[in-house]
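Examination of the molecular architecture
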Amino acid sequence: MKPKQLLVVAAVAGLLVVLVWIVGQGLKGLNVSTAPPQPILKETATDEPFPEVYPRPDLDQRRAYWMRLLLSGDIEDAHWARVQFLRDGDDGRSAVIAAAERSLRSNTALLQHALIFLRDDARPDCLPLARAALSSRDFHAAARAAELLGELGSAADAASDDLGVAAVEREDTVAQAATVALAKIATPAARTAAMNAALKMDIRSRGHALAALGQIGGEESRTFLNVRFEAETDPLPRLGAAEGLLRMDDRTPVSWLLEEAARRDAGAFVSATALRLLAKSAIPEALPRLVQRVRDRFEDDTVRAGAVELLRAYPLVDVEPALRDAAASDSPRDTRLVALQILVEKDALGAMAGVVRLLGAAGDSGRKDRMVGALVLGRLRRPDTAPALIRALAAERPADEEMVSFLVRALILSGAPEGAEPVARTFARDTTPYGLGGVTFNAAPALREMNDTFRASLCGALRRALTGDFGEPKLAGLIGLIGVVPAACGREGAPIVEGYLLHEDREVRDAALDALPIIARPESHVALRRAWARDQDAGGRVILRDVIEKAQFSAE
């Protein structure tokens, strides 16, 4: 840099220093603090009183509150409200039906939540609502209504014509749900509605109605399907008619399906669907082509695994060689695990013992085998697999988070009560930092599918884990254990969760607040008062206010 340029740079720097000094002196004179601003989420004390909306609300006030949350359309709030109505029994159910009938046009969010609530316990008393909701302008609500009618089965016979009209006139989602419902109703009226709909539906949707007729059955359906199979020129509705006929053990479409499955110029969907329909009905002529696809080592793993799955319908004696070939150690993972699962389910000689041996494969080289073994046992869901899974879990390196997660998941799905303690121990030792996943995060979704026997044992194991019997839980393990308490313990777990509302870590307090609403009890207000009184930021107080309200309005 030239001397002249250096002088200019030095002069500019000097001016900046002077300017900073002048500004600083001016701020002092104005008494303006130059201290850095406090963080927005700083936890501070507050004089805000405890939000007792209704300290002792009566039943009518509770129901009004639950209904308001259903009306809100918020998914989490609506789920909580549905749980309260469920606890309220038949009176709560009647209140939901009445509110949904009043809101058929004005609040489709409430209507959808009500239909979901009723679908889980379908009874004839909800038939008028479901029929009315089928014509809702909201296609989500209409599809939910069709699903509910299907769950009612023959009790929804009076709605068959309505479903037939919906299958013809409504969106694809509603039309498909309507045809599925007709197949489940399976009455003469449902058969007539499905046949009339099939004659009026567009080519893309017609196949669903034709396939449904095969599930309804009867000679009238068989005759109609044979006529439509010969009359259809587009492959999509013809595949639907073929599926319906095969469901009725009618071999009329077999030759055509074999041709379509073999044609190289056929569309991939048509060819694959034809082979799938043949395999589901265990048509012997399709087996060589299916085995060829299973053994094609140049084929994609997903495609091969799908082909292996189709072997399930055939007798073991016809498919065992192909299954054992697919189960070999050099096969891709998905292909291998599906083959092993089918071999075990068909009681192939030594199949179960072979899967259990995979769990004992040693070292890094055996990791792939151990993973396949865990995945297969998770799919099998057999209590007698628990001892092998427990041994494998004890031997596995805790640092291998993925492998441990697969083993824990399989142990949960086994349903064996002796698996509860190892699961709780594993959760308790999970020290993954907050927000970074961990074994508990990965395996916890399987808890939605646990049986009642496992659930009862797990509740006791969680109590022990949270009281330190398996070492002090912390980080992801601690918040995971808290999050599992509602599913395992129900309302009995409220005292456990309440104890963490004053924990020193914000993440742990938030986990307790997330878990408490579903299991809150009248006595929860004591712990919630203490939580309200502590220093906390505005965001935490908003969440806490919501939990307090729900605790006050919970079903008794």
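Procedures and definitions
- Residues numbered from 1 in each chain as written.
- Predicted model: local features only at pLDDT ≥ 70, side-chain atom pairs only at ≥ 80, totals over all residues.
- Heavy atoms only, no water.
- Helix = DSSP H or I, 4+ residues; strand = E, 2+ residues; numbered from the N terminus.
- Contact = heavy atoms within 4.5 Å.
- Areas by Shrake-Rupley, 256 points an atom, 1.4 Å probe, with all protein chains shown as cover.
- Phe/Tyr/Trp six-rings, centres within 6.5 Å; stacked < 30°, edge-to-face > 60°.
- Expected span 1.5 Å × (residues − 1).
- Buried < 20%, exposed > 50% of the residue type's maximum accessible area, 1.4 Å probe, protein only.
- Polar contact = N/O pair within 3.5 Å; in protein donor to acceptor, adjacent residues only side chain to side chain.
- pLDDT = per-residue confidence, 0-100.
- Arc of directions from axis to C-beta.
- Salt bridge = Lys/Arg side-chain N within 4 Å of Asp/Glu carboxyl O.
- Axes fitted to C-alpha atoms, helices over the stretch in contact; angles between N-to-C directions.
- Parallel < 35°, antiparallel > 145°, perpendicular 65-115°, else oblique.
- Nonpolar A, V, L, I, M, F, W, Y, C, P; charged D, E, K, R; others polar.
- Disulfide = S-S within 2.5 Å.

This part takes up the overall build of the protein. Within the protein, the regular secondary structure consists of 31 helices and 0 strands. Here the contacts in the protein between residues at least 6 apart in sequence split such that 65% fall between residues at least 24 apart. By element, 55% of the accessible surface of the protein is carried by carbon and sulfur atoms, the whole surface being about 27100 Å².

The next point concerns the packing of aromatic side chains. As enumerated under the stated definition, the model contains 4 aromatic pairs in all. Arranged with centres 5.2 Å apart and planes meeting at 80°, the rings of W66 and F85 form a pair that is edge-to-face. Of the two residues, W66 sits in helix α2 (residues 59–72) while F85 sits in helix α3 (residues 75–87), which places them 19 residues apart along the sequence. Between F229 and W256 the ring centres are 5.8 Å apart and the planes differ by 75°, which places this aromatic pair in the edge-to-face class. Here the residue F229 occupies a position in helix α12 (residues 219–231), and W256 occupies one in helix α14 (residues 254–262), the gap between them amounting to 27 residues.

This paragraph deals with helix α5 (residues 108–119). Here α5 contains 12 residues, and its C-alpha end-to-end distance of 16 Å stays within 8% of the 16 Å for a straight helix at 1.5 Å per residue. Buried residues dominate α5, accounting for 9 of its 12 residues. Turning to α5, the residues buried within the fold contact α2, α3, α4 (90–102), α6 (127–133) and α7 (139–152). Where α5 begins, the side chain of N107 points an oxygen toward the backbone nitrogen of A109, at a separation of 3.2 Å.

Right, let's talk about the side chain of T179 for a bit. With respect to the secondary-structure elements, T179 resides in helix α9 (residues 172–185). Not counting the four nearest positions on each side in its chain, T179 is found in contact with A167, M201, H208, A209 and A212.

Fine structural detail should not be taken from predicted coordinates in areas where pLDDT scores are low. In the predicted model, the protein carries a mean pLDDT of 87, and 90% of its residues have values of at least 70. In the model, residues 1–9 has pLDDT below 50 throughout and makes 2 contacts with residues more than four positions away in sequence or in other chains. Low pLDDT, under 50, characterises residues 30–42; the stretch is placed with 4 contacts to residues that sit more than four places away or in other chains.

Our focus in this paragraph is helix α8 (residues 160–169). Those residues of α8 lying buried are S160, L163, G164, A166 and A167. An end-on view of α8 places all buried positions within 160° of arc, on one side of the element. What points out from α8, more than 90 degrees from its buried face, is the exposed set D161 and E169. Buried-residue contacts for α8 involve α7, α9 and α10 (188–200).

What follows concerns the pattern of salt bridges. In this structure the tally under the stated criterion is 40 salt bridges. When the shortest N-O distance is used, the salt bridge between D88 and R63 registers 2.7 Å. With D88 in the loop between α3 and α4 and R63 in helix α2, this residue pair connects regions lying 25 residues apart in the sequence. Residues D400 and R397 are paired through a salt bridge, measuring 3.6 Å at the closest nitrogen-oxygen approach. Look at the salt bridges and you will find they share partners, linking D90, R93, D121, R123 and D125 into a network.

For the pair helix α13 (residues 235–247) and helix α15 (residues 268–280), interaxial distance at closest approach is 10 Å and the crossing angle is 5°. On the basis of the axis angle, α13 is roughly parallel to α15. Residues P235, L236, L239, E243 and L246 of α13 touch α15, and the partners they reach there are F269, V270, T273, A274, L277, L278 and K280. Here the contact of α13 with α15 is built from residues that sort into 9 nonpolar, 1 polar and 2 charged.

What follows covers the state of the cysteines. In this structure the tally under the stated criterion is 1 disulfide. The disulfide partner of C459 is C489, and the gap between their sulfur atoms is 2.2 Å. On the S-S bond that ties C459 to C489, the torsion sits near 120°, and the link is right-handed. Taken as a pair, C459 in helix α26 (residues 452–466) and C489 in helix α27 (residues 475–489) lie far apart in primary sequence, 30 residues in all. Residue C459 is classed as buried on the basis of its relative accessible area, which comes to 7%.

Turning next to unusual backbone geometry. A positive phi is found at R381, a non-glycine position, where the angle reads about 55°. As for its position among the elements, R381 is in the loop between α21 (367–380) and α22 (386–395). Look at R381 and you get partly exposed, because its relative accessible area is 39%. Located in the positive-phi region is L475, a residue other than glycine, with phi close to 50°. Within the fold, L475 resides in helix α27.

Moving on, we get to the environment of V508. Within the fold, V508 resides in helix α29 (residues 506–519). What makes V508 buried here is its relative accessible area of 0%. Distance from V508 to G480, taken between C-alpha atoms, is 9.4 Å for residues 28 residues apart in sequence. With sequence-adjacent residues up to four places away left out, V508 is seen in contact with Y434, L478, I479, I482, Y500 and H503.

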